[in-house]
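Each chain is listed here by its residues.
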Amino acid sequence: ETGVTQTPRHLVMGMTNKKSLKCEQHLGHNAMYWYKQSAKKPLELMFVYNFKEQTENNSVPSRFSPECPNSSHLFLHLHTLQPEDSALYLCASSLWGPSEKLFFGSGTQLSVL
Amino acid sequence: DAKTTQPPSMDCAEGRAANLPCNHSTISGNEYVYWYRQIHSQGPQYIIHGLKNNETNEMASLIITEDRKSSTLILPHATLRDTAVYYCIVRVTETSGSRLTFGEGTQLTVNP
């Protein structure tokens with residue numbers, strides 16, 4: 001148990017569906033992150049939030065829409081995804097500053113049919 | 001952030017020390033060396049990090065060469081539960097958060 005909880009653990013959706021991934025942390029952290037891990041590929045950083053403000057968007061397609069209502073919660077809204085978006089989506093949190101450790105959730109395994 | 005090079009895979013016998021190497025020949029003076037591991041289908045887990053000096057915690061030891069161009073993660077008594085992908089990452093000690101860039105890592109397999 002890392003203190004970062006992601007729901008759901010597994011999600012199957014069609015290309016026309018709209019779904020949301022949820023991440024919650026109770027570690028008192030003020031930075032939250034979304035990473036994507038496709039099969040047999042390294043983790044890719046998608047979004048970074050610092051004190052609810054988005055500080056980084058690594059050229060992620062607009063069909064992925066993040067939301068950070070407060071420092072403890074992070075969402076990833078999904079719509080009109082493609083089969084190649086099937087991947088493990090990982091949320092992480094940390095304190096904002098140099099040399100701070102990332103704490104990861106267990107991820108949501110997403111399959112787009 | 002500096003690039004790192006790790007062997008794609010390694011094997012280790014249970015109970016023996018696992019020594020995982022990492023080359024980071026382009027590392028700058030203000031870049032830390034981090035190690036994370038990822039057990040199958042789980043999120044990565046922080047292990048240890050260091051700047052210049054060797055570091056030890058309850059999970060592992062980190063040995064950084066004097067020129068800082070390479071490092072070794074040591075798991076002193078590997079168990080089957082240490083089977084995972086181990087990532088060596090270097091990053092600048094900036095104030096813009098912990099945005100780590102993961103490479104492909106080393107798949108460590110601990111055998112009984």
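All figures in this text were calculated on a predicted structure; none of them were measured in a lab. (Residues numbered from 1 in each chain as written. Chains lettered and ligands numbered in written order. Predicted model: local features only at pLDDT ≥ 70, side-chain atom pairs only at ≥ 80, totals over all residues. Heavy atoms only, no water.)

Colleague: Teacher, can you tell me more about the state of the cysteines here?
Modeller: Two cysteines, two sulfur atoms, one covalent bond between them: this is a disulfide. On inspection of all chains with the given rule, the structure shows two disulfides over all chains. Between the sulfur atoms of C23(A) and its disulfide partner C91(A) the distance amounts to 1.9 Å. Disulfide C23(A)-C91(A): torsion about the S-S bond near -75°, hence left-handed. With C23(A) in strand 3 (residues 18-25) and C91(A) in strand 9 (residues 87-94), the pair connects residues that are 68 residues apart, well separated along the chain. C23(A) gets classed as buried once you look at its relative accessible area, which sits at 0%. Here C22(B) connects covalently by a disulfide to C88(B), the sulfurs 2.1 Å from one another. Taking the torsion about the sulfur-sulfur bond, which here is approximately -80°, the covalent link between C22(B) and C88(B) counts as left-handed. With a gap of 66 residues between them, C22(B) in strand 2 (residues 18-23) and C88(B) in strand 8 (residues 84-92) connect regions that are remote in the sequence. Take C22(B) and C88(B): they sit in the same class, and that class is buried. (Disulfide = S-S within 2.5 Å. Helix = DSSP H or I, 4+ residues; strand = E, 2+ residues; numbered from the N terminus. Buried < 20%, exposed > 50% of the residue type's maximum accessible area, 1.4 Å probe, protein only.)

Colleague: Sorry, what's going on with the sheet that holds strand 8 (residues 73-79) of chain A here?
Modeller: Two modes of strand pairing occur in sheets, parallel and antiparallel, and in both the strands are linked by backbone hydrogen bonds. Residues and elements named next belong to chain A. With antiparallel pairing, the four strands of this open sheet are ordered in space as 1-3-8-7. This sheet does not close on itself; its edge strands, each paired only once, are strand 1 (4-7) and strand 7 (64-70). Recorded for the sheet is a direction-independent mean angle of 15° between the axes of neighbouring strands. Inspection of the sheet shows strand 3 paired to strand 8 by seven bridges, in the antiparallel sense. Residue pairing in the sheet places S20 in a bridge with H77 of strand 8. (Pairing = 2+ DSSP bridges. Axes fitted to C-alpha atoms, helices over the stretch in contact; angles between N-to-C directions.)

Colleague: Would you take a moment to explain the pattern of salt bridges for this structure?
Modeller: Pairing is possible between side chains that carry opposite charge, provided their charged atoms lie close to one another. Residues and elements named next belong to chain A. Scanning the model with the defined rule gives three salt bridges over all chains in all. Of the charged contacts in the structure, one is a salt bridge between K22 and E24, with a shortest N-O distance of 3.9 Å. One salt bridge in this structure joins D85 and R63, with 2.7 Å as the shortest N-O distance. You can see D85 sitting in the loop between strand 8 and strand 9 and its partner R63 sitting in the loop between strand 6 (53-57) and strand 7, a full 22 residues away along the chain. (Salt bridge = Lys/Arg side-chain N within 4 Å of Asp/Glu carboxyl O.)

Colleague: How should unusual backbone geometry be read in this particular structure?
Modeller: A negative phi holds for most residues other than glycine; trans holds for most peptide bonds. Following T7(A), the chain continues into P8(A) via a peptide bond in cis, with omega recorded as -10°. Its identity is not glycine, yet K40(A) carries a phi of approximately 60°, on the positive side. With respect to the helices, strands and loops of the structure, K40(A) is situated in the loop between strand 4 (31-37) and strand 5 (44-50). The residue R68(B) is not glycine, and still its phi comes out positive at about 65°. Classification of R68(B) as buried rests on a relative accessible area of 8%.

Colleague: I'm lost on the nonpolar core in this one. Help?
Modeller: Grouped burial of nonpolar side chains is what soluble globular proteins tend to show. Core analysis: the biggest nonpolar cluster contains 22 residues, and W34(A), F64(A), L76(A) and L78(A) have the highest contact counts within it. Elements supplying a minimum of two residues to this core: strand 2 (10-13), strand 3, strand 4, strand 5, strand 7, strand 8, strand 9 and strand 11 (108-112) of chain A. Not counting chain neighbours up to four residues away, the residues in contact with F64(A) comprise M46(A), F47(A), L76(A), H77(A), L78(A), L81(A), D85(A) and Y89(A). Counting residues in each nonpolar core, the second largest holds 21 residues, with W35(B), L73(B), L75(B) and A84(B) among its members. (Core = buried A, V, L, I, M, F, W, Y, C linked by side-chain atoms within 4.5 Å. Contact = heavy atoms within 4.5 Å.)

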